[in-house]
Amino acid sequence: QVQLVESGGDLVQPGGSLKLSCTLSGGVLSFHDMAWYRQSPGKQRELVATYTRSAAPTYAAAVKGRFIMSRDNANDAVHLQMNSLKPDDTAVYYCHASTPPWAVQQYEAWGQGTQVTVSS
């Protein structure tokens, strides 16, 4: 089964930058649609960014212009470069992979999550 491992979460000052990474094993990352989600205590899980196989990345309005999602297909990894961080960005960030609609086998996978804390 496909597994996702995240890294890069840390404590950072407002206005600072942080880069999250997610590595896929047990499969080929380029085959999958990838996304980043985040969740704060007492709030719903929020979609942050998506990067499908066939399109450019898209972003939630709250992070547009500050975050950049990228693929490194050769190393089965995706990244989330976060700039101009705000206290509202504090959350556990999760990596997500899913198969395209036309695939014979359908499944999805979640990473374990990595904590990002932006302190005032």
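Residues numbered from 1 in each chain as written. Predicted model: local features only at pLDDT ≥ 70, side-chain atom pairs only at ≥ 80, totals over all residues. Heavy atoms only, no water.

A. A look at the state of the cysteines. Using the criterion set out here, one finds one disulfide in the structure. What pairs with Cys 22 in a disulfide is Cys 95, and their sulfur atoms sit 2.2 Å apart. Across the S-S bond linking Cys 22 and Cys 95, the dihedral sits near -85°, which makes this disulfide left-handed. A residue pair is termed long-range when its members are at least 10 positions apart, and Cys 22 in strand S3 (residues 18-25) and Cys 95 in strand S9 (residues 91-98) qualify at 73 residues. (Disulfide = S-S within 2.5 Å. Helix = DSSP H or I, 4+ residues; strand = E, 2+ residues; numbered from the N terminus.)

B. Molecular detail of the nonpolar core. The biggest cluster of nonpolar side chains holds 27 residues, and the ones touching the most others in it are Trp 36, Leu 80, Met 82 and Tyr 93. Among the elements of the structure, S3, strand S4 (33-39), strand S5 (46-51), strand S7 (67-72), strand S8 (77-82), S9 and strand S11 (114-118) are those that each provide at least two residues to this core. With residues near it in sequence (within four places) discarded, Leu 80 still touches Leu 18, Lys 19, Leu 20, Trp 36, Val 48, Ala 49, Phe 67, Ile 68, Met 69 and Tyr 93. (Core = buried A, V, L, I, M, F, W, Y, C linked by side-chain atoms within 4.5 Å. Buried < 20%, exposed > 50% of the residue type's maximum accessible area, 1.4 Å probe, protein only. Contact = heavy atoms within 4.5 Å.)

C. Just the environment of Asp 10, in detail. Within the secondary structure layout, Asp 10 lies in the loop between strand S1 (3-7) and strand S2 (11-12). Residues Asp 10 and Gln 115, 105 residues apart in the sequence, show an inter-C-alpha distance of 6.4 Å. Look past the residues within four positions of Asp 10 in its chain and what remains in contact with it is Leu 18, Gln 115, Val 116 and Thr 117.

D. The pairing of S8, seen in detail. Counting buried positions over the six residues of S8 gives five, a clear majority of the element. Relative to S8, S3 runs antiparallel, the two sharing six bridges. Bridged to Ser 21 within S8 is His 79. Relative to S8, S7 runs antiparallel, the two sharing six bridges. Its bridge partner being in S8, Arg 71 is matched across the sheet by Val 78. With antiparallel pairing between neighbouring strands as the criterion, S7 and S8 make up a hairpin whose turn holds four residues, including Asp 76 at a positive phi of roughly 55°. (Pairing = 2+ DSSP bridges.)

E. Spotlight on the pattern of salt bridges. For the structure on display, the rule yields three salt bridges. Between Asp 89 and Arg 38 there is a salt bridge, with its nearest N and O atoms 3.0 Å apart. Of the two residues, Asp 89 is situated in the loop between S8 and S9 and Arg 38 in strand S4; the sequence distance between them amounts to 51 residues. The pair Asp 89 / Arg 38 is uniform in exposure class, with both members buried. Notably, a salt bridge pairs Asp 89 with Arg 66, separated by 2.8 Å at the nearest N-O pair. A residue pair is termed long-range when its members are at least 10 positions apart, and Asp 89 in the loop between S8 and S9 and Arg 66 in the loop between strand S6 (58-59) and S7 qualify at 23 residues. Salt bridges sharing partners connect three or more residues here, namely Arg 38, Glu 46, Arg 66 and Asp 89. (Salt bridge = Lys/Arg side-chain N within 4 Å of Asp/Glu carboxyl O.)

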